[in-house]
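Coordinates in review
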Amino acid sequence: MPSSMNLMLLLLLLSFLSFQAVHSSSLQFQHPLDPLTKQEITTVQTVVQRKYPTSNNTLTFNYIGLHDPDKPSLLKWEHSKPGTVNIPRKSFVIAIINKQTHEIVIDLTLKLILSDNIHTGHGFPTLSVEEQNDAILLPLSYKPFKDSIKKRGLNLSEVVCATFSVGWYGEANSKRAVKLDCFMKESTVNIYVRPISELYILVDLDLMKIIEYHDRAIHPVPTADNTDYRLSNQKPPFGPKQHSLATHQPQGPGFQINGHSISWANWKFHIGFDSRAGVVLSTASIYDLEKHKSRRVMYRGYISELFVPYQDPSEDWYFKTFFDAGEFGFGLSTVSMKPNRDCPSHAQFLDVFLHTGDGSPSLLENAICVFEKYGDIMWRHTETGIPDVTELLESRTEVNLVVRSVVTVGNYDNIIDWEFKASGSIKPSIALTGILEIKPVDAKHKSEIKKDEHGTLVSANSVGVYHDHFYIYHLDLDIDGVDNSFEQTNLKTVRVTDGSSKRKSYWTVETKTANTESDAKISIGMAPAELAIVNPNKKTAVGNQVGYRLISGATAHPLLTEDDYPQIRGAFTNHNVWVTPYNRSEKWAGGLYVDQSRGEDTLAVWTQKNRNIKNKDIVLWHVVGIHHVPAQEDFPMMPLLSTGFELRPTNFFDRNPVLKTLSPNDVAWRECPK
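Worth saying up front: this structure is predicted, and the values here are computed from it rather than measured.

Observations concerning the pattern of salt bridges
With the rule as written, the count across this model stands at 38 salt bridges. The partner of Lys 143 in a salt bridge is Asp 147, and the shortest N-O contact between them spans 2.9 Å. With Lys 143 and Asp 147 both in helix H5 (residues 143–151) and four residues apart, the pair spans about one turn of that helix. Given a relative accessible area of 38%, Asp 147 falls into the partly exposed group. We note a salt bridge from Arg 216 to Glu 198, for which the minimum N-O separation is 3.4 Å. Taken together, the residues span a long stretch of sequence, with Arg 216 in the loop between strand S8 (209–215) and strand S9 (255–258) and Glu 198 in strand S7 (residues 195–204) at a distance of 18 residues. For Arg 216, a relative accessible area of 33% puts it in the partly exposed group. Judged by its relative accessible area of 19%, Glu 198 is buried. By sharing partners, the salt bridges in this structure join Lys 71, Asp 476, Asp 478 and Asp 617 into a single network.

Side note on the nonpolar core
Trp 267, Phe 269, Ile 271, Trp 418, Phe 420 and Phe 486 are the most contacted members of the largest nonpolar core, which has 105 residues in total. Here the element with the most residues in this core is strand S16 (residues 361–383); it accounts for six residues. Residues contacting Phe 486, with those up to four places away along its chain left out, are Lys 512, Thr 513, Ala 514, Ala 520, Ile 522, Leu 531, Ala 532, Ile 533, Val 577, Val 579, Ile 618 and Leu 620. Leu 74, Leu 75, Val 93 and Tyr 299 belong to the second largest nonpolar core, which has 20 residues in total.

Things to note about the domain arrangement of the protein chain
Interface size is often expressed as the accessible area that is lost when the parts come together. The domain architecture assigned to the protein chain consists of domain 1 (30–119) and domain 2 (129–233). Measuring from the centre of the C-alpha atoms in domain 1 to the corresponding centre in domain 2 gives 36 Å.

Quick word on the state of the cysteines
Should the sulfur atoms of two cysteines be covalently bonded, the bond is a disulfide. Evaluated as defined, the whole model comprises two disulfides. A sulfur-sulfur separation of 2.1 Å characterises the disulfide bridge that pairs Cys 161 with Cys 182. What sets the handedness of the Cys 161 and Cys 182 disulfide is the S-S torsion sign, and at about 95° it is right-handed. Here Cys 182 lies in strand S6 (residues 177–184) and Cys 161 lies in strand S5 (residues 159–165), a separation of 21 residues in the sequence. Pair check on accessibility: Cys 161 and Cys 182 agree, each one buried. Here Cys 343 is linked by a disulfide to Cys 369, with a sulfur-sulfur distance of 2.1 Å.

How each quantity is defined
- Residues numbered from 1 in each chain as written.
- Predicted model: local features only at pLDDT ≥ 70, side-chain atom pairs only at ≥ 80, totals over all residues.
- Heavy atoms only, no water.
- Salt bridge = Lys/Arg side-chain N within 4 Å of Asp/Glu carboxyl O.
- Helix = DSSP H or I, 4+ residues; strand = E, 2+ residues; numbered from the N terminus.
- Buried < 20%, exposed > 50% of the residue type's maximum accessible area, 1.4 Å probe, protein only.
- Core = buried A, V, L, I, M, F, W, Y, C linked by side-chain atoms within 4.5 Å.
- Contact = heavy atoms within 4.5 Å.
- Domains from an automatic or database assignment.
- Disulfide = S-S within 2.5 Å.

Structural data, given as structure tokens:
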């Protein structure tokens, strides 16, 4: 009896230890660049609150993120045996404690604060979701506001408000504050098309109270008719009819997900996530079939900032010049995606943990989806020029891999894709949808408008205001190695004057290598040119430097004057391309503290040092812009408006890397080497 009991106890113990081992391993990160886990965010909260107990301190966590590991150490870790290179796991925290902004670095393993510094410069941290939620409720119990609503004959229970950052317009002193705009939700959920105009509401976030209020005038609230976008509220006729598509992958997905590491076709890369940047892609390398090895392309890529300046200088609108990543957080604004709607049925999803204002972890399900995209042509040729040979056709079907997330900041949804191609290209893209910001006007027809309303009349009494969307990508490209250079190849016309040809002209190229940051400030579209990151230390079999070129989409340049306050803060849009030497601290093109910043810590300021970038570890910054002139088709819900660019191999391979790639339905199927 005792022996059987001992055996039972032993089995129970082994079972418990097995459970603990599995459970513990599921809580551990697998890659040094993995997003913070639930337990790590809780550790941050615990460690900070241990030093600053909430019983006698006011404490808000505005940013909790991974403290970037040392790049050389991480590259060494990648190529070493497990356990031989230690990468300390740390978190970087920005917290407002007793109205002071603290920058805190925490060792997550030791659970110790390594440094704790107070920010004394200009600008404030990213707004927390919770303080914004508290602020928008204030008007509903504020008597002057309630009187204004009553004066307009509106129902207070149908009013909702939203926060807007205040910007900076030369003020000597700043306080943490937001402005509120309010809207009517009566008869529609499309609140942004039903603004209550001419109400000025300023909220002090530290005091959490309305500190300034003005009711300047009364304009009618635009009608709710035909503005609701919910399917349940739509009435026939519907159309045009779309037929369904059933997708099936008989061999299963062509990619593997191990934690946050992805293997697909000839690509391997890592998917991270940050509460400010959102999705961060890292350590992307591609397998070279001819060289029998993987070759690095990109160390890290993400959207560093999104600048959205509206173009109405009136009192109600002038301050609407937003920096969505720095002020509101791209990660904090990432939303859960719906299977079979936002991503195809064969997509796989990744969850992430965000942090709340009190430092608690918050699960965001379906934050990222990964799927294969079918149907395009990879390459083809029809040969008809060989005598005595029946028409020859060779064609390959393209399958690409897409990593997708959706960031919703207020009225706009940003669908952010990173598309990988087996040919070696990476195609980042953005698709905008959502709702225009509407300014109420008295006019029901364009003929009634007698002055510049700074927008398009998209419906009766509704002007969609002109604005821009400027996304800047941080692209730390390591083309076949860390040390790279930036080249601009200009296309120039040459006239034939010596009678050597019947032609009078042709074009040729002239390549220049940028020595310093000033050499690499490029405004695309001013003259035809090819832009590339090359590795001057590696050459192809025929002697060309290996590289990747930037193929931009439609370009947009800022139209604000450089001395205008929003443009001072958004000076990183002054050029479409910038190149800087790698610096771990230079992550945010608009500066670390963007809310009410003064343009003192931007990419434009960093590059004034004019540092050497030739044959160095360099970072490419690319601005993708849209000048948005609203149209009636954008109302009441805007169809997708897309832009993007391509990073394409340029003499990186010795020949077409997908020449031997077979289409999915070809009988002979061969896996790419792992």
